[in-house]
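# Fold and geometry: a report
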Amino acid sequence: KRHEHTYSNSGFYDNVSTIAVSYDISDPYSPEKTREHIQDGEYVSSNLYENRLCLVTAKTISASAGEGSQTPIPAYSVDGVQRKLKAEEIFIAVNDPEASYLFVTVTDISDFSKDVGCLAILGCGNEVYCSSSAIAVAREFVSVEADENNNRSSLTEIYRFSINDSEITFSGSYIVQGFLMGGVSVDEESGYFRAITTDSAASYVYVLDDKMEFVSGLKDIFPGEKVTSVKHIGNNGYVIVDGESDKTMIIDFSDPSLPRVAGTIDAKAFSDDLYAISEDLLLGMSEDESGVITLTLFDVSDPANP
């Protein structure tokens, strides 16, 4: 993280940027700096898929933006050469008041001579999910209309942007019921986008295609129970609920047109986190009040009887 402090007639201005430095470590005794990438905004996330580095930052548009050398348009620089984004590289989310960007760049680290892919997403939240072929951004809001009891629904709009080499393009968006449990609530597998959401009443499962069009889903599952965590591993989604059942539910996505609740894992054996050893072997971790940690290995090849 880097801070640049400037002063103008309107007062103090703090510009935050994120620096990604690359090194050649083929000689481990003498690493060599090969590239310095500076990107507007505060660090949010990064992912490396094969040779493609995806870097996500968040840039707030200040009240004094546009004065002097300050600009509301995000920019990045590579080895001191700066480039501001073009109009077609800025996506504007509809019906959202947030004066901030998510700023995404894609770099081929095997060939720094290739163009950097970039996209700024204006006003659509900071819940980010990255896969090998796409980035998804979630924006939470409540419904405008209330029901007969004057309650408003919790909703989330998910935007998907496909990534092809250095090109980032908008695929589509979809509004789901409830809120995501962070970035782990969504996943993309074999061309299908999967999301698990929850609100005060129940939980919901959505399967969408790569254009963010509805394929299938489940609604009003686990009623009255609080979802505390979600994790996708292979064809299964694992939903930890904290309520009467106190279980981890297994959702089978092997048939994208017909997702189903396929089984449960006893929460006594697993409560804190879940790691994939393989698609069928999972390592569960739990910690009791005295700090004793228990590790349990699960075979989930038959989700109905893990």
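Below is a summary of the structure that appears in this document. (Residues numbered from 1 in each chain as written. Predicted model: local features only at pLDDT ≥ 70, side-chain atom pairs only at ≥ 80, totals over all residues. Heavy atoms only, no water.)

Along its length, the protein chain carries 0 helices and 26 strands. When the backbone C-alpha atoms are referred to their principal axes, the protein chain occupies close to 60 × 60 × 40 Å. For the protein chain, the share of sequence-separated contacts (at least 6 apart) that also reach a separation of at least 24 residues comes to 42%. Surface summary for the protein chain: the accessible area is close to 16,200 Å², and the carbon and sulfur share equals 48%. (Helix = DSSP H or I, 4+ residues; strand = E, 2+ residues; numbered from the N terminus. Contact = heavy atoms within 4.5 Å. Areas by Shrake-Rupley, 256 points an atom, 1.4 Å probe, with all protein chains shown as cover.)

If you trace the 5 strands from one edge of the open sheet to the other, you get β4-β5-β9-β10-β8, paired in mixed fashion. Looking at the sheet topology across the chains shown, the edges are occupied by β4 (42-49) and β8 (90-92). Averaged over all adjacent pairs, the angle separating strand axes in this sheet is 15°, with direction ignored. In this sheet, strand β9 (residues 100-108) lies alongside strand β5 (residues 52-60) in antiparallel orientation, the contact comprising 9 bridges. The partner of K59 across the bridge, within β9, is Y101. (Pairing = 2+ DSSP bridges. Axes fitted to C-alpha atoms, helices over the stretch in contact; angles between N-to-C directions.)

Here N236 lies in strand β21 (residues 236-242). Each residue touching N236, except ones within four places of it in the same chain, is listed here: K231, I250, I251, D252, F253, V300 and P303.

Evaluated as defined, the whole model comprises 8 aromatic pairs. Summarising the aromatic geometry, the rings of F91 and Y159 are spaced 5.7 Å apart at their centres and angled 70° between planes, so their arrangement reads as edge-to-face. Here F91, found in strand β8, pairs with Y159, found in strand β13 (residues 152-164); they are 68 residues apart in sequence, far enough to count as distant. The same class applies to F91 as to Y159, namely buried. Arranged with centres 5.6 Å apart and planes meeting at 55°, the rings of F161 and F170 form a pair that is tilted. Take F170: its relative accessible area is 39%, and that puts it in the partly exposed class. Among the aromatic residues, those joined into a ring-pair cluster are F91, Y159, F161 and F170. (Phe/Tyr/Trp six-rings, centres within 6.5 Å; stacked < 30°, edge-to-face > 60°. Buried < 20%, exposed > 50% of the residue type's maximum accessible area, 1.4 Å probe, protein only.)

With that settled, consider the side chain of T18. In this fold, T18 is placed in strand β2 (residues 11-24). A distance of 3.1 Å separates a polar side-chain atom of T18 from the backbone nitrogen of Y43. Ignoring anything within four residues of it in the chain, the contact list for T18 reads H37, I38, Q39, G41, E42, Y43 and T57. (Polar contact = N/O pair within 3.5 Å; in protein donor to acceptor, adjacent residues only side chain to side chain.)

Let's shift gears to the environment of V16. With respect to the helices, strands and loops of the structure, V16 is situated in strand β2. C-alpha separation for the pair V16 and T248, spaced 232 residues apart in sequence, amounts to 41 Å. Here V16 is in contact with K1, R2, H3, D40, G41 and E42, once residues within four sequence places are set aside.

Despite not being glycine, D79 has its phi angle at roughly 50°, a positive value. Relative to the assigned elements, D79 resides in the loop between β6 (75-78) and β7 (81-84). According to the relative accessible area criterion, D79 is partly exposed, its value standing at 46%. Notably, S190 is not glycine yet its phi reads approximately 55°, a positive angle. Along the chain, the position of S190 falls in the loop between β16 (186-189) and β17 (192-198).

Further remarks concern the nonpolar core. Within the largest apolar cluster, 18 residues are counted, with the highest numbers of intra-cluster contacts made by C54, V56, V104, I121, I135, F161 and I168. Secondary-structure elements contributing two or more residues to this core are β5, β9, β10 (117-122), β11 (127-130), β12 (134-146) and β13. Counting 14 residues, the second largest nonpolar core, distinct from the first, contains A136, I158, V176 and A202. (Core = buried A, V, L, I, M, F, W, Y, C linked by side-chain atoms within 4.5 Å.)

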